[in-house]
Every structure is written in structure tokens, then in C-alpha cells.
Amino acid sequence: MATNLEFIKSASGTSVSSLSVTDCFSDKYDVYYVSMTKLDKSTEEWTNIRVVNASGVASGSNYDNARLQLSSYTTFGEHRVTGQTSWTNIAFQSTGTAEGVGFGMYIFNPSDSSSYTFMTHQASSYYSSQGMVGTKGIGVHKVAEAITGVNILSSNNFDNITINVYGVK
């Protein structure tokens, strides 16, 4: 895979439970890289992701994903879900800005309206009462449609969040 990134768009929010980066995918690139460079929360929980299409956030039960959970405090685990309303449990967020999270996701062929949209992701964070936790996974949005952006969501507010989108050359 190519390794050169071209910055496309960024979005930031404060005290929001959902943040979208819209109109960032086009047919200029086949692969996009999405990163969260800032993700602060006052509650410990998992972050979920949805795609954005021409009508808005796609919230139908069309998401499947699988991930490895790589914990420093227990045995590794495998998680698989189908028919969800988002790609679930993508990155764990502990409380506080000092702990933070590292997150990266590749999205493949989002503007191709004749195929599903696929992704791979990896994340690392610190679970304050346990230790380090990492995830590595894959997912598919099972609707053949053009995807124009991404939406990051949580059941509680993000204190601060920044999402960057890059085209992969």
C-alpha cells in the first residue's frame, strides 16, 4: 500500500456525543486514512463509527465488524458482530486527557456506489483501572452506495475530539 498521505479535511468538537467529517471522500483516492488526534472523555467507554452518505449519517443495521482486543491485563480476545447500526467498540477511551487514545483507520473505495465500503483499524489506549488495551480490526458497511464522510459517536459526550482525513497516494 502507498504510504504518502494528502490532508483532506479536519473536524473538531467540544462536549459532543457525535462528530462528522463530511464531504471528504471522492473518487480522487481509492483509500483514505482517518485519525483521531484528540479524544478526551470524562467517562470510560468504547467509541463507535458510522459512515455518512448523501442523505446524512447511515444508521441502518448494515455494519459488520470484527476485532482483536489486545489487553495488557488479561488474555487477548476476539469480538465479532453483524447487523449493527455502527462499527462497534472500535477504540476504548479511558478518562482524562493525559491517557488519551491513538487511533487510525483505512477506508477503502468509499466513493464507489456499486460496492460495499470496507475498513481496517487499529487503536491503543489506557484503561485506568486495568492497564493498556489495543484493538485491531476490520469492518464492512453492507450497502452499495457512495460514502462521503465518517461519523464518530459515543453514548456520552467527548470532552474534546479532533478527526483528520487524508487521501492515500
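None of the values given here were measured: they were computed from a predicted structure. (Residues numbered from 1 in each chain as written. Predicted model: local features only at pLDDT ≥ 70, side-chain atom pairs only at ≥ 80, totals over all residues. Heavy atoms only, no water.)

Trainee: Would you take a moment to explain a nonpolar patch on the surface for this structure?
Mentor: Together, Leu68, Leu70 and Phe76 make up an exposed nonpolar region whose accessible area comes to about 280 Å². Topologically, Leu70 is positioned in strand S5 (residues 63-71). With a relative accessible area of 32%, Leu70 lands in the partly exposed category. (Patch = residues over 30% accessible without salt bridge, like charges linked within 9 Å, V, L, I, M, F, W, Y side chains within 5 Å. Areas by Shrake-Rupley, 256 points an atom, 1.4 Å probe, with all protein chains shown as cover. Salt bridge = Lys/Arg side-chain N within 4 Å of Asp/Glu carboxyl O. Helix = DSSP H or I, 4+ residues; strand = E, 2+ residues; numbered from the N terminus. Buried < 20%, exposed > 50% of the residue type's maximum accessible area, 1.4 Å probe, protein only.)

Trainee: Explanation requested: the nonpolar core in the structure shown.
Mentor: Here is a general trend for soluble globular proteins: nonpolar side chains tend to be buried in one another's company. One finds Phe25, Val34, Trp87, Phe103, Met105, Ile161 and Ile163 to be the most contacted residues of the largest nonpolar core, which totals 29 residues. When contributions to this core are tallied by element, the ones reaching two or more residues are strand S1 (5-21), strand S2 (31-41), strand S3 (45-53), strand S7 (87-93), strand S8 (101-108), strand S9 (117-127) and strand S11 (149-168). Those residues in contact with Ile163, other than ones at most four positions away along the chain, are Lys9, Ser10, Ala11, Leu19, Val21, Val34, Ser35, Met36 and Ile152. (Core = buried A, V, L, I, M, F, W, Y, C linked by side-chain atoms within 4.5 Å. Contact = heavy atoms within 4.5 Å.)

Trainee: How should the pairing of S11 be read in this particular structure?
Mentor: Working note: regular strand, side chains alternate between the two faces of the sheet. Of all 20 residues in S11, 15 are buried, a share of seventy percent or more. Pairing analysis gives 14 bridges linking S1 to S11, with the strands arranged antiparallel. What sits directly across from Val16, in S11, is Phe158. Of the strand pairs in this sheet, S2 and S11 are connected by 9 bridges, and their pairing is antiparallel. Among the inter-strand pairings, Val34 is bridged to a residue of S11, identified as Val165. For S3 and S11, the ladder comprises 5 bridges, and the chain directions are antiparallel. Residue pairing in the sheet places Asn48 in a bridge with Leu153 of S11. (Pairing = 2+ DSSP bridges.)

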